[in-house]
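# Survey of secondary and tertiary structure
Residue strings, one per chain:
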Amino acid sequence: MASPDRRESPWLIRTYSGHSSAQASNELYRANLAKGQTGLSVAFDLPTQTGYDADHPLARGEVGKVGVPIGHIDDMVTLFDQIPLDRMNTSMTINATAAWLLALYVAAAERQGARHEQLQGTTQNDIIKEYLSRGTYVFPPEASMRLTSDVVAYTVEQIPKWNPINICSYHLQEAGATPVQEIAFAMANAVAVLDAVRGRDDVPTGAIGQVFGRISFFLNAGIRFVEEVCKCRAMTALWAEIGRERFGIDDEKQLRLRYGVQVNSLGLTEAQPENNIVRIALEALGVTLSKNARTRSLQLPAWNEALGLPRPWDQQLSLRTQQILAYETDLLEYPDIFDGSHVVEARTRELLDEARAEMQKVLDMGGAVAAVENAYMKQALVESHTRRLRAIESGEITVVGLNAYRETVPSPLIADGVSSIVTVDEVAEREQIERLRAFRTRRNPADVATALAGLRDAAANGPNVVPASIRAAHAGVTTGEWADALRDCFGEYRAPTGVGSTRVSASGVRIDAVRRRVDEVSEKLGRRIKILVGKPGLDGHSNGAEQIAVKARDVGMEVVYDGIRLTPNEIVQSARDEGVHVIGLSILSGSHCVLVIDLLGEMRKQGIADVPVIVGGIIPDDDAARLAAAGVKRVYTPKDFDLTKIMAEVVDVVADAQAYGLAGR
Amino acid sequence: MNESEAGDLSALLDSLAAGDRAAIARALNLIDDRRPAQRESALELLDRLVSLPRFERARRVGITGAPGSGKSTLLNALIGSLRDRNEGIGIIAVDPSSRRSGGALLGDRMRLGGSAREQGVFLRSMAARDRLGGLADATQAGVCVLSAVFDWVFVETVGVGQSECEVAQLVDTLVFVAQPGAGDILQFMKAGILELPDIFVVNKSDVGPMAERTRGELIAGLGLSDERREDDWVPPVLLASARDQVGIEALVDQIETHRRTSLASGRLEQRRIAGSIAFAIESLVRRYGEYGLERIGGLPAVERSVERAPSRSPFRVVLEVGRAIERALDGK
């Protein structure tokens, strides 16, 4: 049965990457391709993802941090210098501004001489999960769904090999989703997109099968890899079922679930980080084992990403892991090895039935958009996540090196401290701003004005913003200008947080002790301990901040949850106006030093320098020391999984500040 | 209160009168502070605030309604409209506390988004604490602090019955926000909620006929009410869409009209006195118990004190009656 001649060709092997500048990222991409990577996966920085130019106040500290900054056509041309776009397959993790980055990509490809029908790749373009987990949304749901469907309608017609949308269950699992929620919410999301496209005048009725066939998914794979195999199989079955029953499609090829995977980051630990190498390999196995439900493309995170930005060597290890799986093992030589397995079939059937019911529940309440607006899905995720963290705290779930088997010899892999991760040079931001300003002076203002007028018209009156965006790209419109034009037209949006009414509440001896301590300190303060939880900068990954907010409420604090995308100035103003006793910040984008130090300065200016500040995030030891020196009272990183303990320490921090007669005067 | 504290208080008062945000925040911290010395200072401060000239000018508006009715979005739209006229706005937003832990998630700053951060807008979130379904105990004092600084003071709270009564007593105009959809109305009527609000708004009118129908049901429900309001005010039932910025100006107009009418009829005065009495009794009972209150002649004595007090300041009354109770309890 097995034979080397009949070896399947492997999935697309990618590494999610990009940082600092278009030029630095271009060099990285070309190096990765030379090492045998077969596709590109572009990570954009947060200003690009949320539609701000590098010199916007909200972009401060974020430029080039979690990805490459793309401010205009010249950046895009540089990014793909010497990379032939007529042959490359490029995945772009871009959502709220997907139509714009697609336009820049198309414009850059046109300048290379590539034809539209040659272009292959993916725009993530999945806004629902941005509201639920990732946080880089900009516009209200209705306008966002319209932009999403603009990209779908345009590419189905003009760039037939493009995957216009990659429905992400990935981020749902990162936000705490169970496998059933992951399947159900992703499917409800896809149905919402298909319904939006089906309702358009410019998409022919008969084209829905073609649209269905172009929709792809982006899944997560956790460490429970047997269940993950079943999840992939259940999802494949449910997708075909939806295609047949809801959209009347019978073409088997169109009905086939196509998905890519990035394996789980949620389960990667900062403690004993080398253990992650094994976790990643096992997780990769989960989504490649079953031939009938095998991923089309795979990205593996770096083993040390909970510590900071991975180095090229760390990324190479992830790439080699994939290559060993694809080329050394006999994985690709067999038909589906689970066909006929009662065990796998039974678990798959269970997941399928539960997911179908949960999906129906969402559809019954008006679909995925309604379930974002009424916070149903968000609340469900926050609750699942709370349960998971509680299970880790209690030891019910074992995480090796974190809550079990913690004894360890020093790891030689991280002995070098700060040199075992990449730090983005602060200079990158300044240089990007300089390039942007030079670019602005080079372009023809009249062309820009015309292009922006055309864009506004297309946004307000339709039918599709993509052609106007491509013209704007060529004319030299910047990312901030493109998004501002649409913000003027559509407005902005803040998604429900799901923390307000979460029904999971804690109990137990440890939490009771913290509650008593909160009562006692509150009594001394004269009023109940009030904490502000917020996220400065553009990072929208709010799962951690939400869990902290829920826990703080559970131990008896009054919690002002200030949400995402705030400037240090705004957070300080909130803290002062609300009269809080302590400020808790969460920053995962790597911009913690700049943002926190700005914030401390702002606190001095606004007269609340005496309120203690605690910070959580992916913060390397050296930076933690720097923050402590600047006045931060506590720094928490992913290894601090015990939220009850964190809360006990927060109370101490408040009590200490009070002992000096300071906090919350 | 010693001399330096008195000096601090004067300085705080001056900064408040000048509209200094840090001072507003400090004053709100102080009135929320339960320690005895701070409580004294707070009452002193409040008593002096009440006599500030601009205090009477502030329009106090309660915004209440079931969860999900769109109170925050409506308030957002109101803020936008009032800011266009350059009016200063103070907001107290009340969220329920967890009965189990005593903690609370205060989400209004997030829900109000950008408008809570605008120049000329000040938001303080408060937890309802032990007041089940009711207001934070510092709400009334908070309204007083903000009234000394801003042209408009809003109190936003989830409406579930009891809180309506409490809010009604401390604002000039109570706005009830309903969302389109049948069924609710019957619940409102059962709960007796429909008797208190001065203005009804059916929000989300962008959903179409459903909003119209809900408005019709509300009007019919109000018509069925046995009791005619003693002030002869017929509560208008408005349609609005905070999303599409429709009906917001009409709402502002109605709030102004209601206030003018009740000021002219003397109703506003009565309402404020009733609110002051309720506050005084509530504070005294919390501190000294029913027994303590009986020592100095019970509720009627408090009522008389409030009516006699300069500017009818309930805070002065709480201080003075409180001292009287302490003397009585000490048997002096």
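Preceding block: the structure.
These numbers were taken from a predicted model, which means no experiment stands behind them.

This part takes up the interface of chain B and chain A. Many analyses report the size of an interface as the accessible area lost when the parts associate. Listed per partner, the contact involves 29 residues of chain B and 33 residues of chain A. Elements supplying a minimum of two residues to the side of chain B that touches chain A: α2 (21-31), β3 (104-106), α5 (108-112) and β4 (121-127) of chain B. Sort the elements by how many residues they give to the side of chain B that touches chain A and α2(B) lands first, with six residues. Here the side of chain B that touches chain A is built from residues that sort into ten nonpolar, nine polar and ten charged. Of the strand pairs in this sheet, strand β12 (residues 558-566) of chain A and β3(B) are connected by three bridges, and their pairing is parallel. In the sheet register, Val559(A) faces β3(B), and the bridge partner there is Leu105(B).

This next bit is on the pairing of strand β13 (residues 582-587) of chain A. All names here are of chain A. Among the six residues of β13, six are classified as buried, and the element is accordingly described as predominantly covered. Side-chain alternation along β13 places Val582, Gly584 and Ser586 on one buried face and Ile583, Leu585 and Ile587 on a second face that is also buried. Relative to β13, strand β11 (residues 530-536) runs parallel, the two being bridged by four bridges. Among the inter-strand pairings, Leu532 is bridged to a residue of β13, identified as Ile583. Relative to strand β14 (residues 613-617), β13 runs parallel, the two sharing five bridges. Bridge pairing in β14 links Gly584 to Ile614. Note that the unit made of β13, helix α24 (residues 592-605) and β14 has a crossover that is right-handed.

With that settled, consider the environment of Tyr154(A). Residue and element names in this part refer to chain A. Summarising the element assignment, Tyr154 is placed in helix α6 (residues 141-158). Given 25 C-beta atoms within a 10 Å radius, Tyr154 is considered buried. A C-alpha to C-alpha distance of 7.5 Å links Tyr154 and Asn464, two positions 310 residues apart in sequence. Setting aside chain neighbours within four positions, we find Tyr154 in contact with Asn464 and Val466.

Residue and element names in this part refer to chain A. Running from N to C, helix α10 (residues 225-247) and helix α14 (residues 342-364) point in directions that differ by 55°, and their axes come no closer than 8 Å. On the basis of their axis angle, the class for α10 and α14 is oblique. Like other packed secondary-structure pairs, α10 and α14 cross with a definite hand, here right-handed. Contacts from Glu227, Val229, Cys230, Lys231, Arg233, Ala234, Ala237 and Leu238 in α10 reach Val344, Arg347, Thr348, Leu351, Leu352, Ala355 and Arg356 in α14. In the contact of α10 with α14, the residues fall into nine nonpolar, one polar and five charged.

With that out of the way, let us pick up the environment of Ser586(A). Residue and element names in this part refer to chain A. In this structure, Ser586 sits in strand β13. Overall, the presence of 26 C-beta atoms within 10 Å leaves Ser586 in the buried class. When the C-alpha positions of Ser586 and Tyr636 are compared, they lie 9.2 Å apart, and in sequence the two are 50 residues distant. Among all residues touching Ser586, those that are not within four sequence positions of it are Lys535, Gly544, Ala545, Ile548, Gly616 and Gly617.

The next thing to look at is the pairing of β12(A). In summary, the side chains of a regular strand alternate between the two faces of the sheet. Counting buried residues in β12(A) gives nine out of nine residues, a clear majority hidden from the surface. Each parallel crossover has a hand, and for β11(A) linked through helix α22 (residues 543-554) of chain A to β12(A) it is right-handed.

Once that is clear, we can look at unusual backbone geometry. For residues that are not glycine, phi is negative in most cases, and the peptide bond is trans in most cases. A cis amide bond links Gly462(A) to the next residue, Pro463(A), at an omega of 0°. In this fold, Pro463(A) is placed in the loop between α18 (445-461) and α19 (465-475). The backbone of Gln82(A) shows a phi angle near 65°, a positive value even though the residue is not glycine. The exposure class assigned to Gln82(A) is exposed, which follows from the 10 C-beta atoms found within 10 Å. The backbone of Asn86(B) shows a phi angle near 65°, a positive value even though the residue is not glycine. For Asn86(B), the position within the fold is in the loop between α4 (71-84) and β2 (89-95). Owing to 9 C-beta atoms within 10 Å, Asn86(B) belongs among the exposed residues under this scheme.

Summarising the element assignment, Thr408(A) is placed in the loop between α16 (376-394) and α17 (427-442). As for Thr408(A) and Gln272(A), which are separated by 136 residues in sequence, their C-alpha atoms are 7.5 Å apart.

Criteria and thresholds
All residue numbers here refer to positions counted from 1 along the written sequence of the relevant chain. Chains and ligands are labelled by the order in which they are written, letters from A for the one and numbers from 1 for the other. Thresholds applied to this predicted model are a pLDDT of at least 70 for local features of residues and 80 or more for the giving and counting of side-chain atom pairs; totals over whole chains, interfaces and linings are not thresholded and use all residues. We call two residues in contact when the distance between their C-beta atoms, placed using the backbone, is within 7 Å. Counting from the N terminus, the helices are DSSP H or I runs at least four residues long and the strands are E runs at least two residues long. Polarity classes work like this: nonpolar for Ala, Val, Leu, Ile, Met, Phe, Trp, Tyr, Cys and Pro, charged for Asp, Glu, Lys and Arg, and polar for all others, with Gly in that last group. Pairs of strands are assigned from DSSP output, requiring at least two bridges between the strands. Burial in this document is a count-based property: other C-beta atoms within 10 Å of a residue's C-beta are tallied, and the residue is buried at 20 or more, exposed at 12 or fewer, or partly exposed in between, with C-beta positions derived from the backbone. With strands facing away from the observer, any crossover in which the path from the first strand over the helix to the second runs clockwise is taken as right-handed. Only the contacting stretch of a helix is used when fitting its axis, a line to C-alpha atoms as for every element, and angles between N-to-C directions run 0 to 180 degrees. In what follows, roughly perpendicular refers to angles from 65 to 115 degrees, roughly parallel to angles under 35, roughly antiparallel to angles over 145, and oblique to any angle outside these ranges. If you view the pair so one helix is near and one far, a crossing is left-handed when the near helix is turned anticlockwise from the far one by less than a right angle, and right-handed when it is turned clockwise.

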